[in-house]
Amino acid sequence: MPKLKQAGIHLYQWFEDRLGLGKPAIEAAEHEVPENTASWWYVFGSAATVLLMLQVVTGILLGLVYSPSAGQAWASLEFLDHTVRLGWFLRALHGWGSDFMIAIVLIHLAQVFLFGAYKYPRELTWIVGVLMLLLTLGMAFTGQVLRFDQDSYWGLGIGASIVSRVPWIGGPLVDLMLGGPIIAGPTLTRFFALHVFIIPGLLLAFTCIHLWMVLRLGINDWPMPGRLVSKQTYTHDYHKLTKETGIPFIPDAAWKDAIFAAAILFAVMACALYFGPFGPSGQPDPTLIQTAPKPDFAFLWIYAVLAYLPPSLETPVMFIAPVVGIAAMLLLPLLSPEGEKHWSRRPIAVLMVAVIAVTLGVFTHLGTYTPWSPIMDAWTSDPIPPAYLHDRTPLEREGALVLQNKQCRNCHSVGGAGGLRGPALDGIATRMTEDQIIRQVLQGGGNMPAYGNALSPSETTALVHFLGTLHVENERDAIDASRKLAESDHAAPTSAH
Amino acid sequence: MDPNQPIAQEQPVDEATRIRQAGHSRRAFLFKLSLALNGIVGAVMAVPIIGYLFGPATGKKSAEESWIDLGSFADFPEGETRLATFRNPITTAWDGQTGDIPCWVRRVSGTTFQVFAINCAHLGCPVRWFAESKLFLCPCHGGAYYQDGSRASGPPERGLFEYEHKIAADKLLISAGKMPTLAAKCGSKPQLTQIANATPVQPSTEEMPEPRCESCQS
């Protein structure tokens, strides 16, 4: 046994004499970090790196089977899901790994922001980190394209439509993005190149730079209220702190990173096993238009924002907001390299994180059920509740049929079923008078198209009579005061006769 | 400077380093020359690479659009809007189904047609025709258009994109080939084009899109 050990050491030494990488690697692993950084709050960066490695490995494994051809990509995904042994699990790992990576990267970003880690001397580490966030999102978008299904196809259409709005160069940019006049083979191959070569190459290079700077400048020490960062004293103070309280990163601090990384990998595996892979949904055949395209989770909030922006503001907001947002993130450490690091003394920073998190959360939640989208088959699938047909006249029942046939249900819910784009029609009689309903139906307005062309007078009468029966219990129906007055004026002279 | 200091002491070292520091030794010159040479080679190589990369953006629009046969115009019933599909004129062998493009054909009456792109003018999602309510609805963000393609409500800034069309030898032809976007609108003809040389058909009042008051458009 000692002989074997001796042989092992000898072998290592043989390589070390030639490579010389072992010594600096061990030194880097054992470098001293301030004791207060050995915290569970400091585990997100390493977890993101581990997830990146998972994505690289699972991505390469999927690449063994995937066919980046517009005509065959979808079939190769189905082949992976159903024919290749454990192909579905690899797809699921890659998909869930992507969602976890975005989540962990965002948490990492919020944590280093709240801990003031972007301040001197780690400004460039933050800036490179922002670029890595953008690359991660780029990976998520291009990855969604490679899952070449209906959502991917129309997602590309949404992307091209957004790009086409760029002033002056929108047209050529769309051509560059699609690689041809339409979304087709050349589009998929260029997104394949982006997803497999260009973005991961940049992401790995930036990860090395990011890590190198963490090693070179030292991990951000745990902030203390009142301990201000100053360019004159920071480096000296940090080295003093490291000297006084330093512990070797491996093993004294790194075990938390390792445990968290293992937990995250386990969670990815559990999700992959339980929920399975994402899609593919329908075939990427543009002639199958019975589809409601939706982006992946990470982009749902953008999808929601685009639904709520007024048309006139949409293009400016689309291009100004991201530029301002990204510029602000890139410039943050340059504008505020010194001063307070602790979150309890930076209320605006805390407020910003809270507001941004809530905003993204709310828009993402809205994106999951898209209340702005008409439900295309509600008119044939959601019946009028029987209670709404009880004790109604034939004309009113005819109106219920008109409501159904004219597809009003696609945007208006009745009895809790139907679209959410327009207001629910239960109790409409308490909100609008007959005249108001007629005007709204025929002329439209607000967010409603005009139905003057689509309804005959008799249909309109029936519809309005039916809507007039949708009361709310114990509430009075809407009345037109002026009409009553006009009728009484009209009545007065006749009674005088 | 101390005059007593022997100058000779520094001289032997100086000769070689000074030339090197000044940067005009033969080797330094050759190194700079090699850099310049590589710069030139790089620039020359960049020309085809950039040309290759930007190739898709430099194509002529006229080459991408061509007349496509949608079949006999009599196959489209008058007063109805039907989904038609065509093979894009420019495809690659590996495009598969993505080369099949749908469009909405509205035969107003006689030979008066409107052919709309499938893509919503908002963000390009596929709009669907609802014959009963005479509306095109978009599943993505709820853009709605009237039967003549004009904007009804929702986020789109404008009406549906409309392909240029003509009738030749009883065939309905459209000019298509490129995905319509706000930057590349297909055919910018006004609505309800009357085909030249065709028998003018007086559209009945029912078929003509009714003028809508301005307030309803907002």
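Residues numbered from 1 in each chain as written. Chains lettered and ligands numbered in written order. Predicted model: local features only at pLDDT ≥ 70, side-chain atom pairs only at ≥ 80, totals over all residues.

**With respect to the overall build of chain A**
- The helix and strand inventory of chain A stands at 20 helices and two strands.
- Against the compact-globule benchmark of 23 Å for 497 residues, chain A has a radius of gyration of 31 Å, which places it well outside the compact range.
- Across its three principal directions, the C-alpha atoms of chain A cover 125 × 60 × 50 Å.
- Among the 497 residues that make up chain A, the fraction classed as buried is 37%.
- Long-range contacts, defined as pairs at least 24 residues apart, comprise 79% of the intrachain contacts of chain A with a sequence gap of at least 6. (Helix = DSSP H or I, 4+ residues; strand = E, 2+ residues; numbered from the N terminus. Rg over C-alpha atoms; globule rule 2.2 N^0.38 Å. Buried ≥ 20, exposed ≤ 12 C-beta atoms within 10 Å, placed from the backbone. Contact = placed C-beta atoms within 7 Å.)

**Some words on the confidence of the model for chain B**
Residues and elements named next belong to chain B.
- Averaged over chain B, the pLDDT score is 81; the fraction of residues at 70 or greater is 74%.
- Ranking the helices and strands of chain B by mean pLDDT puts helix 2 (residues 26-53) first, with 95, and helix 5 (residues 214-217) last, with 40.
- Low pLDDT, under 50, characterises residues 188-218; the predicted model gives this stretch 39 contacts beyond four residues in sequence or across chains.
- For this predicted complex, the interface score ipTM comes out at 0.87, alongside a pTM of 0.87. (pLDDT = per-residue confidence, 0-100.)

**Some thoughts on the sheet that holds strand 5 (residues 128-130) of chain B**
All names here are of chain B.
- Read across the sheet, four strands follow the order 5-6-7-8 without closing on themselves; strand pairing throughout is antiparallel. Of all strands in the sheet, those with a lone pairing partner are strand 5 and strand 8 (151-153), marking the two edges. Going across the sheet, the axis of each strand differs from the next one's by a mean of 35°, ignoring polarity.
- The pairing of strand 6 (residues 135-137) with strand 7 (residues 144-146) spans three bridges and is antiparallel. Following the sheet pairing, L135 is matched in strand 7 by Y146. (Pairing = 2+ DSSP bridges. Axes fitted to C-alpha atoms, helices over the stretch in contact; angles between N-to-C directions.)

**Section: the environment of R151(B)**
Residue and element names in this part refer to chain B.
- Tracing the backbone shows R151 in strand 8.
- Linking R151 and F136, residues 15 residues apart in sequence, is a C-alpha distance of 9.4 Å.
- In contact with R151, other than residues within four places in its own chain, are Y145, P156, R158 and G159.

**Comments concerning the environment of I26(A)**
Residues and elements named next belong to chain A.
- Of note, I26 is situated in helix 2 (residues 22-29).
- The exposure class of I26 is exposed, given the 11 C-beta atoms found within 10 Å.
- For I26 and P293, which are 267 residues apart along the polypeptide, the C-alpha to C-alpha distance reads 51 Å.

**A short note on the interface of chain A and chain B**
- Taken together, the contacts link 61 residues of chain A with 56 residues of chain B.
- Of all the secondary structure elements, the ones that give two or more residues to the side of chain A that touches chain B are helix 7 (150-163), helix 8 (170-178), helix 9 (185-217), helix 12 (300-308) and helix 13 (311-335) of chain A.
- Its residues assigned to classes, the side of chain A that touches chain B comprises 31 nonpolar, 24 polar and six charged. (Nonpolar A, V, L, I, M, F, W, Y, C, P; charged D, E, K, R; others polar.)

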